[in-house]
Structures are given as C-alpha cells and as structure tokens.
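Examining the three-dimensional arrangement
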Amino acid sequence: MAPTQPLGELQLAIMQVLWDRGEASAADVHAALAERGLAYTTIATMLVKMEQKGVVAHRAEGRRFIYQPLLSAQRVQRSMVRELRDRLFGGDVTALVSHLLSTHRLSRDELSRLKQLIGDAEKGERAKPEGGND
C-alpha cells in the first residue's frame with residue numbers, strides 16, 4: 001500500500017510524529033508540531049484526509065481518536081525517491097546520484113559508506129535500509 005502521490009510537507013511532518021511515537025492523538029500531533037503555528041483543526045483535518053488516503057488509521061479511545069501510521073518511513077522514502085527519480089531525472093539513477101554528489105559536501109565517513117554500498121551492489125547484495133525494517 002504505497003501512497004498514490006507523494007506526501008506533502010505537513011503530511012510528512014505528521015507521519016514523522018507518528019513514526020517516532022508509534023501512535024498519537026490529533027492533540028499530541030498538534031503539540032509536537034506547535035512551532036509551525038497551525039490550528040488544531042488543521043492537524044485534525046489533515047489526519048482525516050490521510051486516513052482517507054490510506055496512510056494512517058485510527059482507533060477510538062473514549063472520545064479521542066488515536067492515529068497509527070500504516071506505512072513505514074522506508075516505504076514512504078522509497079516511493080518519494082522513486083517519484084523524484086522518475087520526474088526530475090527521467091528514471092536515471094546515475095543522474096540522481098551524480099546530482100546529489102555534486103551538490104552536497106560529503107564527509108570521509110559518508111564517502112566510505114557509499115563506496116561500501118557500491119561494492120555490495122556490485123556483488124549483488126541488497127543494500128540494507130537505514131533506520132529499520134519495512
């Protein structure tokens with residue numbers, strides 16, 4: 001169940017709260033995103049829209065709805081990077097990686113990790129996603 005379209009900035013911020021906490025009420029999400037200055041109703045409305053989209057689900061706890069993410073962070077990342085690769089780089093992975101390398105300063109550790117990933121790919125080993133399982 002991948003999102004049919006990439007998640008927007010607010011949707012991603014809400015998902016990050018849910019991924020970090022495992023589940024949260026609209027009030028919890030609102031408090032976590034307080035620095036954005038959004039109304040509680042904006043968060044609640046967005047959660048309803050995200051549920052309709054199949055990205056989150058809720059359970060009732062008294063009068064409160066507790067939301068859980070239905071998609072893992074890795075799944076959303078994969079979907080959004082695929083969209084980025086296809087739309088901006090015509091599906092060319094090399095062009096995407098070349099762009100990233102030419103526009104970001106990398107530390108020796110990051111370069112070493114990338115070399116290891118390339119070596120693993122040459123051996124036919126699948127790269128392990130950062131940050132958990134899908």
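To keep things clear, this report deals only with the structure shown in the data block. (Residues numbered from 1 in each chain as written. Predicted model: local features only at pLDDT ≥ 70, side-chain atom pairs only at ≥ 80, totals over all residues. Heavy atoms only, no water.)

A look at the pattern of salt bridges
Heads up, the condition is: A pair is scored as a salt bridge if a Lys or Arg side-chain nitrogen falls within 4 Å of a carboxyl oxygen belonging to Asp or Glu. Helix and strand definitions follow DSSP, with helices as H or I runs of at least four residues and strands as E runs of at least two, each counted in order from the N terminus. Partly exposed residues are those whose accessible area sits between 20% and 50% of the maximum for their type, while under 20% is buried and over 50% is exposed, using a 1.4 Å probe and protein chains only.
Summed over the entire model, instances satisfying the criterion amount to 6 salt bridges. The salt bridge involving E9 is made with R36; its shortest N-O contact spans 3.7 Å. Residue E9 is found in helix α1 (residues 9-21), and its partner R36 is found in the loop between α2 (26-32) and α3 (40-52); the two are separated by 27 residues along the sequence. Using a relative accessible area of 62% as the deciding quantity, one classes E9 as exposed. Where salt bridges share partners, they join E23, R59, E61 and R64 into one cluster.

Looking at the nonpolar core
Just so we agree on the cut-off: Working definition of a nonpolar core: buried Ala, Val, Leu, Ile, Met, Phe, Trp, Tyr and Cys residues. They are joined through side-chain atoms within 4.5 Å. Here, residues are in contact when the closest pair of their heavy atoms is within 4.5 Å.
With 21 residues, the main nonpolar core has I14, L18, V29 and L33 as its most contacted residues. For this core, the secondary structure elements donating two or more residues are α1, α2 and α3. Looking at this core element by element, the count peaks at 6 residues for α1. L33 has contacts with L10, A13, I14, V17 and I43, leaving out every residue within four places of it along the chain.

Here's the deal with the packing of α1 against α3
We count it as follows: To define axes, lines are fitted to C-alpha atoms, for helices over the stretch in contact only, and angles between the resulting N-to-C directions are given on a 0 to 180 degree scale. Angle categories are assigned with fixed cut-offs, so that under 35 degrees is roughly parallel, over 145 is roughly antiparallel, 65 to 115 is roughly perpendicular, and the rest are oblique. In this count, Pro and Cys sit with the nonpolar residues alongside Ala, Val, Leu, Ile, Met, Phe, Trp and Tyr, while Asp, Glu, Lys and Arg are called charged and the others, Gly among them, polar.
Two numbers describe how α1 lies on α3: the axes approach to 11 Å, and their chain directions differ by 85°. Considering their axes alone, α1 and α3 lie roughly perpendicular with respect to each other. Residues L10, Q11, I14, M15 and L18 of α1 touch α3, and the partners they reach there are T42, I43, M46, L47 and M50. Across the contact of α1 with α3, the residue classes break down as 8 nonpolar, 2 polar and no charged.

Describing the sheet that holds strand β2 (residues 56-61)
Selection criterion: Each pair of strands is called paired provided DSSP finds at least two bridges between the two strands.
Read from one edge of the open sheet, 3 strands run β1-β3-β2, paired in antiparallel fashion. Of all the strands in the sheet, just β1 (24-25) and β2 have a single pairing partner and so form its edges. Judged from the 2 bridges that link them, β1 and strand β3 (residues 64-69) form a sheet pairing that is antiparallel. The residue of β3 that forms the bridge with A24 is Y67. Packed onto the sheet, α3 meets β2 and β3 and runs at close to 120° relative to β2.

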